[in-house]
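Survey of secondary and tertiary structure
These are the residues of each chain, in order.
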Amino acid sequence: MIWDHKKSHKAVLLCLHGFGGDKESSVIAALMERMDTEGAGVVAFDWPAHGESNASDDELTVERCLADLEAVVRFIKLITGQYICCFATSFGGYLATLYRNAHEHDFLYLILRSPALKMAEVYRRFLSDDEYHALMRGEIIEQGFERKMHLGKAFYESLLRNDAYNEEPPMPWNIKIIQGDKDEIVNPRDITAYADRYKDTKLKLEVFKGTDHRYKRPGEKERVVECVAEFLDRLLHQEKYDRLEAEAKKEKRSVYRDKIRGCLFGGAAGDALGYPVEFLKEDAIFGKYGDLGITRYEKDKRSGKALISDDTQMTLFTANGLLAGDTRGCLRGIQGPSAAYVYKAYFDWLITQEVPYFDKRAKDERSECWLLDVPGIFAVRVPGNTCISALEELKYHGRQGYPDTALKRNNSKGNGGLMRISPLALAYAGSESLDSLDEEGGEIARITHCHPLGYMPAAFLTHVINRIVYPHKNMELEQIITEAKDTVKRIYFGDDGLSRLISVVDLSMKLAKNKDDDLNNIHKIGEGWVAEETLGIALYCALRYRDNFSAGIIAAVNHNGDSDTTGAVAGNILGALCGYEAIEEKWKEDLELSDIILEMADDLCYGCLMEEYSSYTDPVWTAKYIHKRWFADPDEYDAYKDG
């Protein structure tokens, strides 16, 4: 052992030598010197039949090596209680990988230099045919480098029993592999393939160009020492690195912020524009507002704000539920379907329709959503009867938790499921296939609207918005809509109403190309009281005014139908297309809860940056999505955290 256990160390580096080597290797000696300056102690020991080991040659088996390794690890834990990091070379890397697969939490970090993960194959390759046949006959052969060992069949058979390469590790995180691309013993292609298998984890591969298995060229061993020191610096300064990683993730996601803000805010703007004329006929609209209809917010006389309706309220609660679920997944490593969390969030929205804010706060009852700390969210804005009745029935007569079979309680194809679905499309970066995401959109709508035409349009809209925000193959809007049709056809093949949905979408695409005025075209689509018509009107307005947010939402609300919802859905699509910065200032002035809408949009953009195995903390996020509390004054978060 090379280590002064009387010193105070922040961590312990356990070094494992390779086959035929010993604990006195030059790299281990260099690491001992370097780690002492870094604040880490170093432990090294000889494998059985290596170095100063008293074990006889026939005791060299994989199982005996792993038993010795476990004993050393237990000893380090007993006398130090410190974090253990492991640096292992070749055969030692093979054993360290096997050990970590069986003892997931013993090594905080694992650094492998040219690990012989296919050790049985490596050993067999260096045996002559005569030596191999001698082993199989039970004879002893001489092996090794500095120290010659007399090995028999037991060693080779133990290698065959223990496969480090193909065994699935419990969690391949915080592992770094250093590999020379000219390694003549460990095949570099095998190591590259192994690292690629876990490329989505924290397993890192660094390839040394021109380096063989011995690392004999000038400066190579020193470079290995620097790599180990740099990797361990993450442990000794973990909080700094975790913070930097979180900031890097946030920066990477920020490219989508303008479109995400545009979508959520645009939906609220369209909602607020259409809300005053929701139940007015066209004659009344044009008689009151002029030939162009309503073209700017009609502000509430009491508050001076442009009021949002239940459409935007429920959209915010959808987002809150999604982010609460994602936070659980990030911090606990386990997460249910998105609809399960949104389902609970809708019961919080139901509270806002049943009791005043101060009554709710006076009781200080535990809730699922931080939105219940926002006084302005407690407002009854002509909520949809289906949403209210479905949630009440589930709340008082259904099971607590995600309502699977309980969903089949109505046959509504109203647009209440469609109007609130945009956050799902914003929260998750797109992929080659959106089938699962689209189907999840349908499930969230189906919480309250159980007719296929009540939930299929929500799946369709999820697809369209996701592809706009997270561009895929530079698709134009028409291509996105066509892809959404194909996906929905595949997901809901044979469902009632599918042909009706597709015909409305096709009609909208056709009408967007003609020269007729908007009102005549919208009349041909419908009034928007049902979901497929709302989707059709929104797609029509987005196709015709894809570069003009204002013209698009104005066209979407000035008709006989459900103006706030057609305006909201058109605003979602147009806002995503144009981006928040391109939305005219008149829509940003005096919109009710605009700060909350933008705050939620930013939360959807960045997501939870905390992780189960990271030291990074975000007190604001923790308050909102774990403790379900929100404060208007940012300074109050610090007081809440300290309290």
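Report on the accompanying structure. (Residues numbered from 1 in each chain as written. Predicted model: local features only at pLDDT ≥ 70, side-chain atom pairs only at ≥ 80, totals over all residues. Heavy atoms only, no water.)

What to know about the overall build of the protein
For the protein, the helix and strand inventory stands at 28 helices and 8 strands. Taking the principal axes of the C-alpha coordinates as reference, the protein spans close to 100 × 55 × 50 Å. Taken across its 643 residues, the protein has 57% of its residues classed as buried. A separation threshold of at least 6 residues defines the contact pool for the protein, and within that pool the share at least 24 residues apart is 75%. Only carbon and sulfur atoms are counted for the fraction: they give 49% of the accessible area of the protein, which is about 27400 Å². In the protein, which carries 81 positive and 106 negative side-chain charges, the distance between the mean positions of the two groups comes to 1 Å. (Helix = DSSP H or I, 4+ residues; strand = E, 2+ residues; numbered from the N terminus. Buried < 20%, exposed > 50% of the residue type's maximum accessible area, 1.4 Å probe, protein only. Contact = heavy atoms within 4.5 Å. Areas by Shrake-Rupley, 256 points an atom, 1.4 Å probe, with all protein chains shown as cover. Lys, Arg positive; Asp, Glu negative; His and termini not counted. Charge placed at Lys NZ, Arg CZ, Asp CG, Glu CD.)

As for the nonpolar core
F460, I481, W587, L591 and M600 are the most contacted members of the largest nonpolar core, which has 128 residues in total. Among the elements that make up this core, the one with the highest residue count is helix α18 (residues 452-469) (11 residues). Residues within four places of L591 in sequence aside, it is in contact with F265, A268, A269, A272, Y297, K305, A306, I308 and I597. (Core = buried A, V, L, I, M, F, W, Y, C linked by side-chain atoms within 4.5 Å.)

Things to note about the state of the cysteines
When the sulfur atoms of two cysteines share a covalent bond, that bond is a disulfide. For the coordinates displayed, the defined rule picks out 0 disulfides. Left without a disulfide partner, C387 is nearest to the cysteine sulfur of C450, which lies 11 Å away. (Disulfide = S-S within 2.5 Å.)

Observations concerning a negative patch on the surface
A contiguous patch of negative charge, built from D633, D635, E636 and D638, is present on the exposed surface. Mapped onto the elements, E636 comes out in helix α28 (residues 635-642). (Patch = residues over 30% accessible without salt bridge, like charges linked within 9 Å, V, L, I, M, F, W, Y side chains within 5 Å. Salt bridge = Lys/Arg side-chain N within 4 Å of Asp/Glu carboxyl O.)

What to know about the side chain of T211
On the secondary structure map, T211 appears in the loop between β8 (203-208) and α8 (220-236). You can call T211 buried: its relative accessible area is 1%. Not counting residues up to four positions away in its chain, the partners in contact with T211 are G180, D181, K182, D183, R217 and E220.

Some details on a nonpolar patch on the surface
On the surface, F75, L78 and I79 cluster together to form a nonpolar patch covering roughly 300 Å² of accessible area. Mapped onto the secondary structure, I79 falls in helix α2 (residues 62-80).

Considering the packing of helix α19 (residues 477-491) against helix α20 (residues 498-511)
Between α19 and α20, the least distance of the axes is 11 Å, while the angle of their chain directions is 175°. One finds that α19 runs roughly antiparallel with respect to α20. Counting all contacts with α19, which are made through E478, I481, T482, K485, V488 and K489, the residues of α20 involved are L498, L501, I502, V505, D506 and M509. Of the residues belonging to the contact of α19 with α20, the class tally is 7 nonpolar, 1 polar and 4 charged. (Axes fitted to C-alpha atoms, helices over the stretch in contact; angles between N-to-C directions. Parallel < 35°, antiparallel > 145°, perpendicular 65-115°, else oblique. Nonpolar A, V, L, I, M, F, W, Y, C, P; charged D, E, K, R; others polar.)

Re the packing of aromatic side chains
Within this structure, the stated rule accounts for 26 aromatic pairs. Centre to centre, the rings of Y194 and Y198 are 5.4 Å apart; their planes meet at 75°, and the pair counts as edge-to-face. For the ring pair Y455 and Y492, a centre distance of 5.8 Å and an interplane angle of 55° mean the geometry is tilted. Of this pair, Y455 sits in helix α18 while Y492 is found in the loop between α19 and α20, placing the two residues 37 residues apart along the sequence. Given the relative accessible area of 11%, Y455 is considered buried. Looking at Y492, the relative accessible area reads 6%, which means it is buried. Seen from the ring of Y132, R124 lies directly overhead, with NZ or CZ sitting 4.0 Å from the centre. One cation-aromatic arrangement involves K250 over Y606; the distance from NZ or CZ to the ring centre is 4.9 Å. (Phe/Tyr/Trp six-rings, centres within 6.5 Å; stacked < 30°, edge-to-face > 60°. Lys NZ or Arg CZ within 6 Å of the ring centre and 35° of its normal.)

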